[in-house]
Amino acid sequence: MRTALHPFKNESITVTQYIAEFGAKLDAYGNKNLRLFPRCPACGNNMYTKGETNPEVDGVFSHQPNCNGFCPLKESAGKCYEILLPIDEDPYKTKALRSSFFKHWKFHYNLMKSYLKVLDIFDFIKLIKYADKNKIWSYRHIEEKQIPYIFLVLKEYPPVGNKNKLIRKDWLRFWFDSRVRTLEDLWIHTNKDWILIKATYANPRNGKTPNYTQLKDTEIVTVNLDFLNKEEPILSSFVINQMHKEFNKELE
Ligand SMILES: [Zn+2]
């Protein structure tokens, strides 16, 4: 990864910035410098630098080889969050949340797109159907403003090309921090202070889903929970038509 978390500030740093602040791996006499460790933004474990003594390469950060404990970044990018069936469902709340989502679908689509650069409307439609099938609307503590963030972590986003131009060159995957292993954990284990991480992977040449070895960088996503209070976004007629074709009844 090109960036990690600063040893004690919640800021991303590159290897160059880390060296500038904490010194190089070895001091002038070739002895190991005692430095504070940078941290992994997803699991909080210590990270170490790789390649920093080689002036030919930009150094990267990596987990300690013996580091144990769950880290979402060490999972394959294709791994999905576990969806538990909601317990103690409130059918009125479920229905109200789903209809409110449809009332504001443009806000949700637009917010997701802002993190992804491009969002295929058919992918968005699939996510809604997935939420229906897995009863995501029925989670007792779910709030409408959390839906697009949950949608973001539900699938991976491969590079997107248009003719011979790449619109999104890298593979993207979103993760909640390591406290969240199932969607239920969002409300059970985080007390709403969850962190969302955007991981960028190089597109594997073998056409497979990338894994940790292709991980290029991570970024802590600035979560915007106020997006429903903004002006309604203007979307293309193609996008709007597809939504109406699919969810005619809901959008009436
Ligand atoms: Zn980690």
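Please read all numbers here as calculations on a predicted model, not as lab measurements.

A.B. asks: Even after reading the chapter, I still don't get the overall build of the chain, so can you show me in this structure?
C.D. replies: The number of helices and strands found in the chain is 7 helices and 9 strands. C-alpha atoms of the chain, sized along the principal axes, occupy 75 × 45 × 35 Å. A buried classification covers 44% of the 252 residues belonging to the chain. In the chain, once contacts between residues fewer than 6 apart in sequence are set aside, the share between residues at least 24 apart is 63%. Element-wise, carbon and sulfur atoms account for 50% of the exposed surface of the chain, whose accessible area totals about 14300 Å². Taking the average location of the 38 positive side-chain charges in the chain and that of its 30 negative ones, the two points are 4 Å from each other.

A.B. asks: Even after reading the chapter, I still don't get the coordination of the zinc ion, so can you show me in this structure?
C.D. replies: Bound to the zinc ion on the protein side are C40 (SG), C43 (SG), H63 (NE2) and C71 (SG), at distances that span 2.1 to 2.4 Å. Every donor counted, the 4 donor atoms about the zinc ion form angles of 103 to 118° at the centre, which fits tetrahedral coordination. Each donor residue of the zinc ion belongs to the same chain, with the gaps between them written as C-x2-C-x19-H-x7-C. Here C71 lies in the loop between β4 (60-63) and α2 (91-103) and C43 lies in the loop between α1 (15-22) and β3 (47-50), a separation of 28 residues in the sequence. Of the two residues, C43 and C71, neither departs from the other in class, the shared state being buried.

A.B. asks: How should helix α7 (residues 237-246) be read in this particular structure?
C.D. replies: Since one α-helical turn is 3.6 residues long, residues separated by three or four positions face the same way. Of all the residues in α7, the buried ones are V239, Q242 and M243. Within α7, the buried residues cover an arc of 100° as seen down the axis, which keeps them to one side. Turned more than 90 degrees off the buried face of α7, the exposed positions are S237 and K245.

A.B. asks: Please explain the environment of Y48 as it appears in this structure.
C.D. replies: Note on placement: Y48 falls in strand β3. Along the chain, Y48 and P65 lie 17 residues apart, while their C-alpha atoms are 9.4 Å from each other. Beyond its immediate sequence surroundings of up to four residues, Y48 is in contact with V60, F61, S62, H63, Q64 and P65.

Quick notes on the rules
- Residues numbered from 1 in each chain as written.
- Predicted model: local features only at pLDDT ≥ 70, side-chain atom pairs only at ≥ 80, totals over all residues.
- Heavy atoms only, no water.
- Helix = DSSP H or I, 4+ residues; strand = E, 2+ residues; numbered from the N terminus.
- Buried < 20%, exposed > 50% of the residue type's maximum accessible area, 1.4 Å probe, protein only.
- Contact = heavy atoms within 4.5 Å.
- Areas by Shrake-Rupley, 256 points an atom, 1.4 Å probe, with all protein chains shown as cover.
- Lys, Arg positive; Asp, Glu negative; His and termini not counted.
- Charge placed at Lys NZ, Arg CZ, Asp CG, Glu CD.
- Donors = N, O, S within 2.8 Å, 3.2 Å for Na, K, Ca; no water.
- Tetrahedral: all angles 85-135°; square planar, octahedral: opposite > 155°, others 65-115°.
- Arc of directions from axis to C-beta.

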